[in-house]
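Architecture at a glance
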Amino acid sequence: MKRIAVLVFLSLVVCVTVNAQKEIISAATDFIVAKKYAAANRYLDSVLKKQPKNVDALMMKGNVVLNCALDSTKHMRFVSENDESIFSTALGEKPKLLSKKTVYQIEKIWNKCLKLDSTRADVVKGLCTIYSMALMKDSLKNSILQLIKTEKDDGEQAFRTCEYARKFKERNRFDDAIELYQFIAAQFPNVAGVRCDIASEYFYNGQTNQALLWLDSCYRSKEIDETS
C-alpha cells in the first residue's frame with residue numbers, strides 16, 4: 001500500500017512540474033506575442049531568481065532576445081529570380097538577416113540550457129535556426145550534427161533539417177545552401193529524397209546538368225521513395 005502511495009505521489013509531482021513548465025512557456029509567449037519584451041524579461045528573471053537552473057525559463061529568455069531583435073531588423077534588399085520587377089518596393093516576402101551580435105547573445109543563453117539538459121532537441125533546433133538566419137554556415141553544420149545525435153529520427157528528420165539550408169537560399173546564398181544540402185545528404189546517405197531536393201534546387205536555378213546528376217545519384221540509395 002505504501003508503495004502505491006509513493007507512486008501516486010511521484011506522478012503528482014511530475015504533473016505539477018510539467019504544468020509549471022507549460023505555464024512558464026505560455027506566459028512568456030504571451031508577452032512576446034504582445035511585443036512586451038521588458039515585461040517578458042522581468043517575468044522570466046523572477047522565475048530564474050527562484051529557479052536559476054530552470055531550462056524553460058532560460059530557453060524563453062533566448063526567445064525574447066531573438067524576437068526583440070527581429071522586430072527592429074529590416075528586411076533584406078536584393079533582387080531574386082522570383083521578383084516580378086526590379087522596381088518592386090514590396091519587401092514583405094524578403095527574409096531578415098540576424099546579426100552575429102544577436103546570435104552570440106542567444107547562443108550564450110541556449111548553450112547554458114544544454115549544459116543543464118543536453119537532451120533538449122528544441123534548444124538545438126533553436127540554435128540551428130538562428131545560425132541559418134545569420135548565415136553562419138560552420139556553426140550550423142556543428143549544430144546539425146548535434147541535433148542528429150539528440151533528436152530521434154522519425155523518418156522526416158532529414159527533410160526538416162533541409163529547412164536550414166533553404167534559409168540560406170532565401171537569403172540569396174545559393175552556393176552555400178547547396179553546400180549545406182550536400183552536407184545533410186552525407187549525414188542521411190540512404191534518404192533519396194534529400195538528393196532529389198538538391199536536384200530540384202539545381203533545376204529551378206537553371207542548372208539542368210547538375211539536376212540530372214543528383215537525380216541519378218538517388219539510385220545509390222537503398223530505399224527510393226515514390227516522389228524521388
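Residues numbered from 1 in each chain as written. Predicted model: local features only at pLDDT ≥ 70, side-chain atom pairs only at ≥ 80, totals over all residues. Heavy atoms only, no water.

Once that is clear, we can look at the packing of helix 5 (residues 121–133) against helix 6 (residues 137–150). The N-to-C vectors of helix 5 and helix 6 enclose an angle of 160°; their axes lie 9 Å apart at closest approach. When the axes of helix 5 and helix 6 are compared, the pair comes out roughly antiparallel. Seen from above, helix 5 lies across helix 6 with left-handed handedness. Taking contact as the criterion, the partners of Ala121, Val124, Lys125, Leu127, Cys128, Tyr131 and Ser132 in helix 5 are, on helix 6, Ser139, Leu140, Ser143, Ile144, Gln146, Leu147 and Thr150. Grouping the constituent residues of the contact of helix 5 with helix 6 by class yields 8 nonpolar, 5 polar and 1 charged. (Axes fitted to C-alpha atoms, helices over the stretch in contact; angles between N-to-C directions. Helix = DSSP H or I, 4+ residues; strand = E, 2+ residues; numbered from the N terminus. Parallel < 35°, antiparallel > 145°, perpendicular 65-115°, else oblique. Left-handed = near helix turned anticlockwise from the far one by under 90°. Contact = heavy atoms within 4.5 Å. Nonpolar A, V, L, I, M, F, W, Y, C, P; charged D, E, K, R; others polar.)

Owing to its 3.6 residues per turn, the α-helix brings residues three or four apart onto one side. Here helix 3 (residues 55–71) is 17 residues long and its end C-alpha atoms lie 24 Å apart, about the 24 Å a rise of 1.5 Å per residue gives. A large share of helix 3 lies buried, amounting to 13 of its 17 residues. Among the residues of helix 3, the N-terminal cap falls to Asn54, whose side-chain oxygen and the backbone nitrogen of Asp56 are separated by 3.1 Å. (Expected span 1.5 Å × (residues − 1). Buried < 20%, exposed > 50% of the residue type's maximum accessible area, 1.4 Å probe, protein only. Polar contact = N/O pair within 3.5 Å; in protein donor to acceptor, adjacent residues only side chain to side chain.)

Take the side chain of Thr102 next. Counting through the fold element by element, Thr102 comes out in helix 4 (residues 100–116). With a relative accessible area of 9%, Thr102 lands in the buried category. Other than its neighbours up to four places away in sequence, Thr102 contacts Val65 and Ala69.

Let us now look at the side chain of Arg195. Its place among the elements puts Arg195 in helix 9 (residues 192–204). At a separation of 2.8 Å, a polar atom in the side chain of Arg195 contacts the side chain of Ser217.

Here we take up the pattern of salt bridges. Applying the stated criterion across every chain yields a total of 14 salt bridges. With a closest N to O distance of 3.1 Å, Asp56 and Arg120 form a salt bridge. On the criterion of sequence distance, the pair formed by Asp56 in helix 3 and Arg120 in the loop between helix 4 and helix 5 is long-range, its members being 64 residues apart. Taken as a pair, Asp56 and Arg120 share a single burial class, namely buried. Arg166 serves as the salt-bridge partner of Glu163, at 2.9 Å between the closest nitrogen and oxygen. Placement of both Glu163 and Arg166 in helix 7 (residues 157–170) is noted, with a separation of 3 residues, approximately one turn of the helix. On the basis of relative accessible area, Arg166 is assigned to the partly exposed category, the value being 21%. (Salt bridge = Lys/Arg side-chain N within 4 Å of Asp/Glu carboxyl O.)

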